[in-house]
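Summary of the model geometry
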Amino acid sequence: MFRKKCDRCQKYSYSSNAFGKWECPYCFKDISHVKEEDPINKVIFSPRFKGEKAKE
Ligand SMILES: [Zn+2]
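Figured I'd write up the structure that's included with this text. (Residues numbered from 1 in each chain as written. Predicted model: local features only at pLDDT ≥ 70, side-chain atom pairs only at ≥ 80, totals over all residues.)

1. Quick word on the pairing of strand 1 (residues 2-5)
To keep it simple, the criterion reads: At least two DSSP bridges between two strands are required for those strands to pair. Runs of H or I in DSSP of at least four residues are treated as helices and runs of E of at least two as strands, each being numbered from the N terminus.
Strand direction decides the pairing type here: strand 1 and strand 2 (residues 12-15), joined by four bridges, are antiparallel. Residue pairing across strands places Lys-4 opposite Ser-13, the latter belonging to strand 2. Hairpin connection of strand 1 to strand 2: six residues between the antiparallel strands, including Gln-10 at a positive phi of 65 degrees.

2. Structural notes on unusual backbone geometry
We count it as follows: Neighbour density around each residue's C-beta defines its exposure: 20 or more other C-beta atoms within 10 Å make it buried, 12 or fewer make it exposed, and counts between make it partly exposed, where C-beta atoms are placed from the backbone.
Here Gln-10, not a glycine, exhibits a phi torsion of approximately 65 degrees, which is positive. Following the sequence through the fold, Gln-10 ends up in the loop between strand 1 and strand 2. For Gln-10, a count of 10 C-beta atoms within 10 Å puts it in the exposed group. One non-glycine residue, Phe-28, lies in positive phi territory at about 65 degrees. Note on placement: Phe-28 falls in the segment after strand 2.

3. Here's the deal with the environment of Phe-28
Phe-28 gets classed as exposed once you count the C-beta atoms within 10 Å, which come to 11. Between the C-alpha atoms of Phe-28 and Arg-8, which are 20 residues apart in sequence, the distance is 9.6 Å.

4. Comments concerning the environment of Ser-32
Note on placement: Ser-32 falls in the segment after strand 2. Distance in space between the C-alpha atoms of Ser-32 and Lys-4 is 8.9 Å, their sequence separation being 28 residues.

5. Some remarks on the environment of Cys-9
Quick note on the threshold: By the convention adopted here, residues are in contact when the distance between their C-beta atoms, placed from the backbone, does not exceed 7 Å.
By the secondary structure assignment, Cys-9 is in the loop between strand 1 and strand 2. Expressed as a C-alpha distance, the spacing of Cys-9 and Lys-29, which sit 20 residues apart in the sequence, is 8.9 Å. Ignoring any residue separated from it by four or fewer positions in sequence, one finds Cys-9 in contact with Cys-24, Tyr-26 and Cys-27.

Written out as structure tokens, the structure reads:
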């Protein structure tokens, strides 16, 4: 499951397939070029852990 945020109307649309043509269902803008997000794994917005370990 992926989602994209429309860069025109700022609304999210959802699809199970991030490939191919993706049109915003609200304003019908072609948002195929917008980078998709994976809301389950949150791969895009997760901060990158630096591998810090608790000092014991
Ligand atoms: Zn839109």
